[in-house]
Amino acid sequence: MDASAAALKTANDLAGMKDMNSTLEGTITDLRKANEKLDETVNRLKEEIKDAKSHSKLAVKQYAGLKDTIRGLQEENDVIKSENTKLVDRLVSEKEKSMDQVREMSETVEKLVKEIEMLKSLKKLEEKQKKGLWFMKAGTLEDGNGTDDKQENQQDNARQWGTLGIIIPTEAKHVIQAHSSEVTSVRYDGVGSDLVATSSNDSTVRVWDTSSGAMRATLRGGSGHAMMGCDIVGGLVVGCASDKSCRVWKLSTQRMIHQLVGHGNKVTCARLISGGKEVLTASADRSIKLWDISRNTYRQTTTLRHSSTANCLDVSYDTKTVVSGHMDGGVRFWDIRSGEKTAEIETLHTGGVTCAHMHPTNGTQMLTNGRDSVLKLVDIRMGSVISTMTHKDFRTPFNWSACSYSPDGVYAAAGSGTTGDIMIWRVDSGEFIKKLSTHRAGVGGFAWGKGGSCGQQVASVDTSGKLAKYNHGTMYLVAMFTYSTPGTSYLANYNFVPVGPTPTAGARFRATVR
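Residues numbered from 1 in each chain as written. Predicted model: local features only at pLDDT ≥ 70, side-chain atom pairs only at ≥ 80, totals over all residues. Heavy atoms only, no water.

What about the overall build of the chain?
Logical step 1: The helix and strand inventory of the chain stands at two helices and 31 strands.
Logical step 2: Each of the 514 residues in the chain was classed as buried or not, and the buried ones make up 39%.
Logical step 3: For the chain, long-range pairs separated by at least 24 residues make up 45% of all intrachain contacts whose partners lie at least 6 apart in sequence.
Logical step 4: Surface exposure of the chain reaches about 28600 Å², of which carbon and sulfur atoms provide 52%. (Helix = DSSP H or I, 4+ residues; strand = E, 2+ residues; numbered from the N terminus. Buried < 20%, exposed > 50% of the residue type's maximum accessible area, 1.4 Å probe, protein only. Contact = heavy atoms within 4.5 Å. Areas by Shrake-Rupley, 256 points an atom, 1.4 Å probe, with all protein chains shown as cover.)

Take a look at the structure:
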């Protein structure tokens with residue numbers, strides 16, 4: 001029994017081992033098949049790697065070829081760029097030459113037109129003379145004592161200031177709501193036309209007809225940026241703004257032709273000089289810049305640097321010297337040709353200089369306004385104050401508060417920033433002459449221009465946006481002539497008789513009957 005059980009167990013074990021062997025042989029067969037597939041995959045990958053290496057070598061060769069092609073194209077492009085730059089420079093040079101020639105031709109045409117008009121005028125006068133009408137010629141006037149110089153000066157003044165000369169304003173001719181917010185400056189046309197420009201915190205510069213009070217143009221700056229100042233000369237208008245730029249417009253088209261960019265802070269003041277060919281700007285970045293705008297593309301030519309913000313600028317009548325008034329209370333003088341500071345008067349005012357106005361005929365004197373509410377007449381050569389002008393109602397609360405000489409330099413005037421009154425003094429004595437109470441808000445901008453054909457010369461602006469232009473009274477020429485025979489002299493007495501409170505002295509002249 002034991003032997004039979006052992007044999008049976010052995011047989012069972014042998015059968016289990018046979019089954020296991022069969023299973024292992026099947027697994028070996030499967031592994032051999034998988035190995036054969038892996039060998040095939042390896043061979044295929046080897047072929048693909050071989051092909052990839054071949055393609056890579058080809059790509060390297062193509063890349064090298066492309067690099068050579070690109071290098072050749074770059075060299076050709078550099079040559080074309082160089083030739084294009086030369087061509088552009090030549091075209092710009094030729095265009096500038098052409099513009100200079102056109103400008104010279106225009107100036108020549110203007111001169112010829114003026115000469116033709118003068119000849120026509122002389123011809124008309126000659127015809128009137130032939131008809132028996134009497135007229136006076138330059139150089140024939142004499143005063144009652146027989147001296148000619150005084151009358152020649154009067155003739156020069158008549159040509160410069162208009163036939164009526166300088167007359168103190170009497171009352172407002174027009175009061176206009178010029179802007180929707182505070183007006184910062186007012187400037188008369190520098191060539192003596194019937195135009196005046198105003199700038200405002202409403203981001204606009206506007207041009208007005210002084211005879212009718214009508215608005216001629218609205219010129220817009222950057223939205224939300226206050227216009228700090230303006231100027232007008234001939235057909236050009238400039239406006240400087242808190243957006244660090246200064247704009248130049250052509251009045252006839254009302255289009256902006258330049259936007260002068262280069263300051264690092266708000267531009268506080270701008271002036272057109274050299275007959276409108278250059279612009280002078282001052283900024284809170286403590287620099288003054290000169291810009292050439294005579295060509296289609298503007299060019300910054302000079303930068304004057306200083307240690308304090310300039311509130312105001314003015315140029316001497318010979319256009320060679322610039323004066324700047326600063327927040328530190330001093331004024332500085334600059335040679336516009338060299339860009340060098342030539343002189344400085346420190347602490348002229350307490351609290352800052354708001355306006356500096358060079359004397360229109362005397363290059364040695366200057367008028368200033370300051371935050372200390374005092375107007376000062378300054379001797380430029382000595383750097384000293386000649387006289388001061390004040391009034392109990394006169395206050396200067398703004399950094400842009402203006403002052404002005406009359407065009408003959410006899411009077412000085414400014415507006416009060418608190419009461420809105422216009423104050424007028426006599427310069428030589430400092431005597432207070434008149435107060436004009438037109439505005440109901442504080443006055444910052446004030447101008448006394450030469451006046452155009454209508455003779456209107458004085459304007460002021462206030463913080464409520466109003467512009468006031470003033471009358472000078474009506475003048476009549478009353479004359480008595482004593483005629484004589486041809487070839488002899490006659491005497492005549494004449495008086496300018498005003499309709500209003502301002503008297504004008506009479507005069508006497510001698511002429512020859514022809």
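A closer look at the packing of aromatic side chains
Two aromatic rings are characterised by how far apart their centres lie and by the angle between their planes.
Logical step 1: What the rule picks out here adds up to five aromatic pairs.
Logical step 2: Where Phe394 meets Trp425, the ring centres are 5.6 Å apart and the plane angle is 80 degrees; that geometry is what we call edge-to-face. Placement of Phe394 in the loop between strand E21 (384-389) and strand E22 (403-405) and of Trp425 in strand E24 (residues 422-426) is noted, with a sequence separation of 31 residues between them.
Logical step 3: A residue is classified by how much of its surface remains accessible, and Phe394, at 0% relative accessible area, is buried.
Logical step 4: When its relative accessible area of 0% is taken as the criterion, Trp425 is described as buried.
Logical step 5: Ring centres 6.2 Å apart and planes at 10 degrees place the aromatic pair Tyr411 and Trp448 in the stacked group. (Phe/Tyr/Trp six-rings, centres within 6.5 Å; stacked < 30°, edge-to-face > 60°.)

Quick word on the environment of Ala172
Logical step 1: Structurally, Ala172 can be placed in strand E1 (residues 172-177).
Logical step 2: For Ala172, a relative accessible area of 26% translates into the label partly exposed.
Logical step 3: Considered as a pair, Ala172 and Ser460 are 288 residues apart in the sequence and their alpha carbons are 9.8 Å apart.
Logical step 4: Leaving out residues up to four positions away in the same chain, Ala172 has contacts with Thr438, Lys469, Tyr470 and Asn471.

A few points about the pattern of salt bridges
Logical step 1: By the definition in use, this model includes 18 salt bridges.
Logical step 2: Salt-bridge contacts for Arg71 lead to Asp68; the nearest nitrogen and oxygen are separated by 2.9 Å. Of this pair, Arg71 and Asp68 both sit in helix H1 (residues 2-130), three residues apart, which is roughly one turn of that helix.
Logical step 3: Take Arg71: its relative accessible area is 41%, and that puts it in the partly exposed class.
Logical step 4: Overall, the relative accessible area of 48% leaves Asp68 in the partly exposed class.
Logical step 5: Across the salt bridge formed by Asp421 and Lys435, the nearest N and O atoms sit 4.0 Å from each other. Of the two residues, Asp421 sits in the loop between strand E23 (411-415) and E24 while Lys435 sits in strand E25 (residues 432-436), which places them 14 residues apart along the sequence.
Logical step 6: Given the relative accessible area of 7%, Asp421 is considered buried. (Salt bridge = Lys/Arg side-chain N within 4 Å of Asp/Glu carboxyl O.)

Notes on the sheet that holds strand E4 (residues 204-209)
Logical step 1: Spatial ordering of the open sheet is given by E2-E3-E4-E5, a layout of four strands whose pairing is antiparallel. Taken across any chain shown, the strands that pair with only one partner, and hence form the sheet edges, are strand E2 (183-188) and strand E5 (215-220). Direction aside, the axes of adjacent strands within the sheet are offset by 15 degrees on average.
Logical step 2: Bridge count for E4 against E5 is five bridges, and the pairing is antiparallel. By the bridge assignment, Thr204 is partnered in E5 with Arg220. (Pairing = 2+ DSSP bridges. Axes fitted to C-alpha atoms, helices over the stretch in contact; angles between N-to-C directions.)

Comments concerning a nonpolar patch on the surface
Logical step 1: A contiguous nonpolar patch, built from Met118, Leu119, Leu122 and Leu125 and spanning about 370 Å² of accessible area, is present on the exposed surface.
Logical step 2: When you line up the elements, Leu119 lands in helix H1. (Patch = residues over 30% accessible without salt bridge, like charges linked within 9 Å, V, L, I, M, F, W, Y side chains within 5 Å.)

Section: the nonpolar core
If you look at soluble globular proteins, the nonpolar side chains tend to sit buried side by side.
Logical step 1: Counting 27 residues, the largest nonpolar core has Leu367, Leu375, Met389, Ile424, Phe446 and Trp448 as the members making the most contacts within it.
Logical step 2: When neighbours within four sequence positions are excluded, Leu375 is seen to be in contact with Leu367, Thr368, Asn369, Ser387, Thr388, Met389, Phe394, Cys403, Ala412, Ala413, Ala414 and Trp425.
Logical step 3: The next biggest cluster of nonpolar side chains, apart from the first, holds 15 residues, and it includes Val248, Leu272, Val279 and Trp291. (Core = buried A, V, L, I, M, F, W, Y, C linked by side-chain atoms within 4.5 Å.)

With respect to the sheet that holds strand E15 (residues 321-326)
Logical step 1: Strand order in the open sheet formed by four strands is E14-E15-E16-E17, and the pairing between neighbours is antiparallel. Here the strands that pair on one side only, and so sit at the sheet edges, are strand E14 (310-315) and strand E17 (340-345). Neighbour-to-neighbour, the strand axes of the sheet open up by a mean angle of 25 degrees, direction not taken into account.
Logical step 2: One ladder, built from five bridges, connects strand E16 (residues 331-335) with E17; its direction is antiparallel.

Quick word on the side chain of Ser287
Logical step 1: Inspection of the secondary structure assignment puts Ser287 in strand E12 (residues 287-292).
Logical step 2: Those residues in contact with Ser287 that sit more than four places away from it in its chain are His263, Thr281, Ala282, Thr303, Leu304, Arg305 and His306.

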